[in-house]
Amino acid sequence: MERRINGHTGLLALFGTPVGHSGSPAMYNFSFQHDGLDYAYMAFDVNVEQMPAVFDSIRLFKMRGGNFTMPCKNIAAELVDKLSPAAEIIGACNVFVNDDGVITGHITDGVGFVKNLEVNGVDVKGKKTVVLGAGGAATAIQVQLALDGASEVAIFNIDDEFYARAESTKEKLATRCPECKVTVEHLEDKEALAAAVNNADIVINATIMGMKPHEDVTLIDKSLFRKDLVVADTVYNPEKTKMILEAEEAGCQAIGGKGMLLYQGVVNYSLFTGKDFPIEEYQKFQA
Ligand code: NAD
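Residues numbered from 1 in each chain as written. Predicted model: local features only at pLDDT ≥ 70, side-chain atom pairs only at ≥ 80, totals over all residues. Heavy atoms only, no water.

### Overview of the site of the ligand
Among the 23 residues in the neighbourhood of the ligand, the closest are listed as Ala-134, Ala-137, Asn-157, Asp-160 and Thr-234. Between Ala-134 and the ligand, the recorded distance is 2.9 Å, taken from a backbone N or O atom to an oxygen atom. Taking 850 Å² as the accessible area of the ligand by itself, protein coverage stands at 78%. Elements with a contribution of two residues or more to the shell around the ligand: α6 (136–147) and α10 (258–273). For the shell around the ligand, the leading source of residues is α10, giving three residues. Of the residues assigned to the shell around the ligand, the class counts are 14 nonpolar, eight polar and one charged. (Near = heavy atom within 4 Å. Polar contact = N/O pair within 3.5 Å; in protein donor to acceptor, adjacent residues only side chain to side chain. Areas by Shrake-Rupley, 256 points an atom, 1.4 Å probe, with all protein chains shown as cover. Helix = DSSP H or I, 4+ residues; strand = E, 2+ residues; numbered from the N terminus. Nonpolar A, V, L, I, M, F, W, Y, C, P; charged D, E, K, R; others polar.)

### Topic: the packing of α10 against helix α11 (residues 279–286)
Packing of α10 against α11 leaves a shortest axis separation of 12 Å and a crossing angle of 130 degrees. Taken together, the axes of α10 and α11 lie oblique to each other. In the crossing of α10 with α11, the sense of the turn from one axis to the other is right-handed. For the pair α10 and α11, contact is made by Leu-262, Tyr-263 and Val-266 and by Ile-279, Tyr-282 and Gln-283, respectively. Here the residues of the contact of α10 with α11 are counted per class, giving five nonpolar, one polar and no charged. (Axes fitted to C-alpha atoms, helices over the stretch in contact; angles between N-to-C directions. Parallel < 35°, antiparallel > 145°, perpendicular 65-115°, else oblique. Left-handed = near helix turned anticlockwise from the far one by under 90°. Contact = heavy atoms within 4.5 Å.)

### Re the packing of α6 against helix α7 (residues 163–176)
Contact pair α6 / α7: the axes reach a minimum separation of 11 Å and the direction vectors enclose 20 degrees. With respect to α7, the element α6 is oriented roughly parallel. The handedness of the crossing between α6 and α7 is right-handed. From α6, Gly-136, Thr-139, Gln-142, Val-143 and Ala-146 reach across to α7, where they touch Arg-165, Thr-169 and Leu-173.

### What about the sheet that holds strand β6 (residues 102–106)?
The six strands are arranged β2-β1-β3-β5-β6-β4 in an open sheet whose pairing can be described as mixed. The open sheet has two edge strands with one neighbour each: β2 (39–45) and β4 (82–83). Two elements, strand β3 (residues 65–68) and strand β5 (residues 95–99), share three bridges in a ladder whose sense is antiparallel. Residue Gly-65 lies in a different strand from β5, and its bridge partner there is Val-97. Packed on one face of the sheet, helix α1 (residues 24–35) meets β1 (10–16), β2 and β3 and runs near 170 degrees to β2. Contacting β1, β2, β3, β5 and β6, α10 crosses the sheet at an angle of about 15 degrees to β5. (Pairing = 2+ DSSP bridges.)

### What to know about the confidence of the model for the protein
Confidence in the prediction for the protein averages 96 pLDDT; 100% of positions are at 70 or higher. The ipTM assigned to the predicted complex is 0.99, against a pTM of 0.94. (pLDDT = per-residue confidence, 0-100.)

### A look at the side chain of Thr-234
Its place among the elements puts Thr-234 in the loop between β11 (230–233) and α9 (242–249). Look at Thr-234 and you get buried, because its relative accessible area is 11%. Every residue in contact with Thr-234, bar those within four places of it in the chain, is listed here: Phe-113, Ile-141, Asn-205, Ala-206, Thr-207, Gly-257 and Met-260. (Buried < 20%, exposed > 50% of the residue type's maximum accessible area, 1.4 Å probe, protein only.)

### Focus: the packing of aromatic side chains
Inspection of every chain in the model, using the stated rule, returns 14 aromatic pairs. Each residue in the set Phe-30, Phe-32, Tyr-39, Tyr-269, Phe-277, Tyr-282 and Phe-285 is aromatic and connected to the rest through ring pairs, giving one cluster. (Phe/Tyr/Trp six-rings, centres within 6.5 Å; stacked < 30°, edge-to-face > 60°.)

### Notes on α10
The end-to-end C-alpha distance of α10 is 23 Å, a good match for the 22 Å that 16 residues give at a rise of 1.5 Å each. Those residues of α10 that fall on the buried side of the exposure criterion are Gly-259, Met-260, Leu-262, Tyr-263, Gln-264, Gly-265, Val-266, Val-267, Asn-268, Tyr-269 and Phe-272. Gly-274, located one to two residues past α10, shows a positive phi value of around 75 degrees. (Expected span 1.5 Å × (residues − 1).)

### A closer look at the sheet that holds strand β12 (residues 253–255)
Sheet strands associate in pairs through backbone hydrogen bonding, adopting either a parallel or an antiparallel arrangement. Sheet architecture is open: six strands sit in the order β9-β8-β7-β10-β11-β12, paired in parallel fashion. Each having just a single partner strand, β9 (181–186) and β12 make up the two edges of the open sheet. The sheet shows a mean angle of 15 degrees between the axes of neighbouring strands, taken without regard to direction. Summarising the sheet, strand β7 (residues 128–132) and strand β10 (residues 202–205) pair through four bridges and their orientation is parallel. Across the sheet, Thr-129 pairs through a bridge with Ile-202, a residue of β10. Against the sheet, α9 engages β10, β11 and β12, with an angle of about 160 degrees to β11.

As structure tokens, this is what we get:
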């Protein structure tokens, strides 16, 4: 450590609450050290009311960049100087990069998700997709699919407080990505869901179902799975959800949520440093 941190070391950090459990400091500090970059990454527990002071500090300390987590992602989007197209549509950012005093906010959940599909050989361009969910992860994925050229995004959500967000995403995408057909339906409508899955190339679960303690739940009946369907989950705990196991059994290409987590980090690292994240070395370090 005494050789790593010096008078010139640039600071990056995660802001939000809680942050104590975060794997980000270990991930980025490992990579900075591996690549010989003079940066250090910390985590600071802050609430929404403290965010204007956080931005003063980012500017005062000339921080290179960092991340925002809940509940600070929306307020952060109001305090940055510029927003990436996805962050602007969503009105939230989980990453910031400070280029000589100009702070740009990005949202990389959706980028990481699409990148994970890509490294698994799945291109979303021109594809018909079904996305279950309308929360933070689901919205980021829906917007990124549309920005990356998916031809259809069929959103299904239960009749809860997130349903209105799906309607709002549909409205925003109608203006921003008019070539992508976006529909919103109730997840309780099993006939509509079956018809959408039958019509789709890629089906994505971006709800909390399948995640512990809901690991016995799957939202798609396995009778709908066919060999040419790609089934992807955002849930990474357990690593293989019930939906992913059933999709594998049916011979589908099944892609779990762990890669989405990794590729968000990969995308963020490249935004911070302009370099490729040392994936293999980090995976060895984690093992
Ligand atoms: P959120 O709280 O913003 O959204 C929750 C979603 O789950 C909503 O759409 C809600 O309607 C739905 N939901 C809740 N109860 C349900 C039920 N009984 N049946 C069907 N749907 C239900 O959560 P989020 O932050 O968007 O996280 C959603 C999922 O994405 C989680 O499983 C999380 O683990 C995963 N995620 C993964 C990554 C990754 O990197 N792999 C990153 C972020 C989130």
